[in-house]
Amino acid sequence: MRARAVVDLAALRANVRALRAAAPTAELMTVVKSDAYGHGMVPCARAARKAGASWLGAATPEEALALRAAGDTGRLMCWLWTPGGPWRQAIEADIDVSASGLWALREAVAAARACGRTARLHLKADTGLGRSGCQPADWPALVDEARAAEAEGAIRVTGLWSHFACADEPGHPSIGAQLSVFRDMVAHAEQAGLRPEVRHLANSPATLTVPESHFDLVRTGIATYGISPSSELGAAADFGLRPVMTLSAALASVKRVPGGHGVSYGHRYVTPGETTLALVPVGYGDGIPRHASGTGPVLVAGKWRTIAGTVAMDQFVVDLGGDTAAPGDEAVLFGPGDRGEPTAEDWARAVGSIAYEIVTRISARIPRVYVGEDGGTGN
Ligand SMILES: *Cc1c(COP(=O)(O)O)cnc(C)c1O
């Protein structure tokens, strides 16, 4: 096989259990948006359910509907709505929907009336992130209209929620400020008569480090996949998390070249002396950042190497120096790190990004190979 991403579902289940233990008084929502951060949405969702995720979270309604089509029947929420829906399909599929403003609430109510169902709806507050969510000044009107729609039976407000801006920066003043605004907005909604099942604010970093943010439900994405939300917070292992994805490729060519030989497009690398070059058959068409040219780490022939020259669409080169390898030998781009390979976090540092992006951008051209599926060993 040219290349593959091995996805260790036993590690994913263990991570879900570790996250439940980190927030023992709250329910857990495993966030599986963007194809489970590149790991494969349906297999990861199933593994998370097995390990006790009572909720799943998706960004788009299309993702949530795909989970239903794959047979998931548990509590499932999606939050990234645009005018036109598909509200009705989501309501009929028993998906919890979300509204950040009156337009969304009104579309959800109209869809619920049209299909004769009660929509389960979460009202989203902007407590400081400045992205989606209802501003505090607009909250009373949204709450009042939601309460009226609830009285009529069109919706049931099942959740009040918000999202952090800087929970991955320990001690950032916005964390306490957002908590305080959230408490006020929840209190206002409850005084107005709303009785949500779940109030929720925490993402992975807040789940791991801000216990007062747990409320009734925590929404964990990145930590599920065994990746620390930021190195400032600690390493994945410090939180009992193990990386789930290992990305590797089979060397497509190994050859001797003389000194002074240009390597890959633009000749950004020139061999310093006679050496051995190995060709790794993955490139930016597979989601390897082109920014990794000259910086990305890869384990080949027992050592960390740095990509030599430019990452092309389908391939890049590493200079093995005095070492040798054979075509077909494995190059490991990233994994848990315990075989000496780089981690997704090492890649993030090398290319000036975050590990979230490194795993999520691995494209569909790389087959996902699932291991640890059966849980036969009791995990
Ligand atoms: C992506 C996302 C999460 C999960 O964030 P992580 O940092 O990956 O845990 C939680 N809530 C919302 C609204 C999100 O968009």
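Residues numbered from 1 in each chain as written. Predicted model: local features only at pLDDT ≥ 70, side-chain atom pairs only at ≥ 80, totals over all residues. Heavy atoms only, no water.

> I keep staring at unusual backbone geometry and nothing clicks. Help me out?
Backbone geometry follows two general trends: most residues other than glycine have a negative phi, and most peptide bonds adopt the trans configuration. Residue Pro-86 is reached from Gly-85 by a cis peptide bond, and omega for that bond is 20 degrees. Positive phi, normally seen in glycine, also occurs at Phe-215, with a value near 45 degrees. Mapped onto the elements, Phe-215 comes out in the loop between helix 9 (204–209) and strand 9 (217–220). In this structure, His-267 is a non-glycine residue whose phi angle is positive, near 50 degrees. (Helix = DSSP H or I, 4+ residues; strand = E, 2+ residues; numbered from the N terminus.)

> Would you explain the UniProt feature "binding site: substrate" (unreviewed entry) in the chain in this entry?
Per the UniProt record, "binding site: substrate" (unreviewed entry) is found at Arg-131 and Met-313. An extended arrangement is adopted by the annotated residues: their sequence extent is 183 residues, and the largest C-alpha distance between any two is 33.4 Å. Mapped onto the secondary structure, Arg-131 falls in the loop between strand 6 (119–124) and helix 7 (139–152). With residues up to four places along the chain from it excluded, the contact list for Arg-131 reads Asp-126 and His-163. Excluding its chain neighbours within four sequence positions, the residues that come into contact with Met-313 are Gly-283, Tyr-284, Gly-285, Asp-286 and Arg-365. (UniProt positions renumbered as here; feature names shortened; annotations may be inferred. Contact = heavy atoms within 4.5 Å.)

> Can you help me understand the packing of aromatic side chains in this one?
In this description, an aromatic ring pair is defined by two values, namely the gap between the centres and the angle between the planes. Counted under the stated rule, the structure contains six aromatic pairs. Ring geometry for Trp-81 against Trp-87: centres 3.9 Å apart, planes inclined by 10 degrees, an arrangement best described as stacked. Each member of the pair, Trp-81 as well as Trp-87, is classed as buried. One cation-aromatic arrangement involves Lys-124 over Trp-161; the distance from NZ or CZ to the ring centre is 4.5 Å. (Phe/Tyr/Trp six-rings, centres within 6.5 Å; stacked < 30°, edge-to-face > 60°. Buried < 20%, exposed > 50% of the residue type's maximum accessible area, 1.4 Å probe, protein only. Lys NZ or Arg CZ within 6 Å of the ring centre and 35° of its normal.)

> Help me understand the domain arrangement of the chain, please; the structure alone is not making it clear to me.
If you check the domain split of the chain, you get domain 1 (9–224) and domain 2 (245–378). Here domain 1 and domain 2 have C-alpha centroids that lie 37 Å from each other. Carbon and sulfur atoms supply 56% of the area that domain 1 and domain 2 bury against each other, a total of about 1100 Å² over both sides. When the buried area of domain 1 at its contact with domain 2 is split by residue, Leu-9, His-39 and Ile-222 rank highest and sum to 43% of it. For the interface between domain 1 and domain 2, the tally reads zero salt bridges. Remark: the boundary between domain 1 and domain 2 carries six residue pairs in polar contact (both at pLDDT 80 or more). Of all the secondary structure elements, the ones that give two or more residues to the side of domain 1 that touches domain 2 are helix 1 (9–22), helix 2 (33–37) and helix 3 (41–50). In terms of residues, the side of domain 1 that touches domain 2 owes the most to one element, helix 1, which gives three residues. Looking at the side of domain 1 that touches domain 2 residue by residue, the class counts come to six nonpolar, four polar and two charged. (Domains from an automatic or database assignment. Buried area = accessible area lost by both parts, 1.4 Å probe. Salt bridge = Lys/Arg side-chain N within 4 Å of Asp/Glu carboxyl O. Polar contact = N/O pair within 3.5 Å; in protein donor to acceptor, adjacent residues only side chain to side chain. Nonpolar A, V, L, I, M, F, W, Y, C, P; charged D, E, K, R; others polar.)

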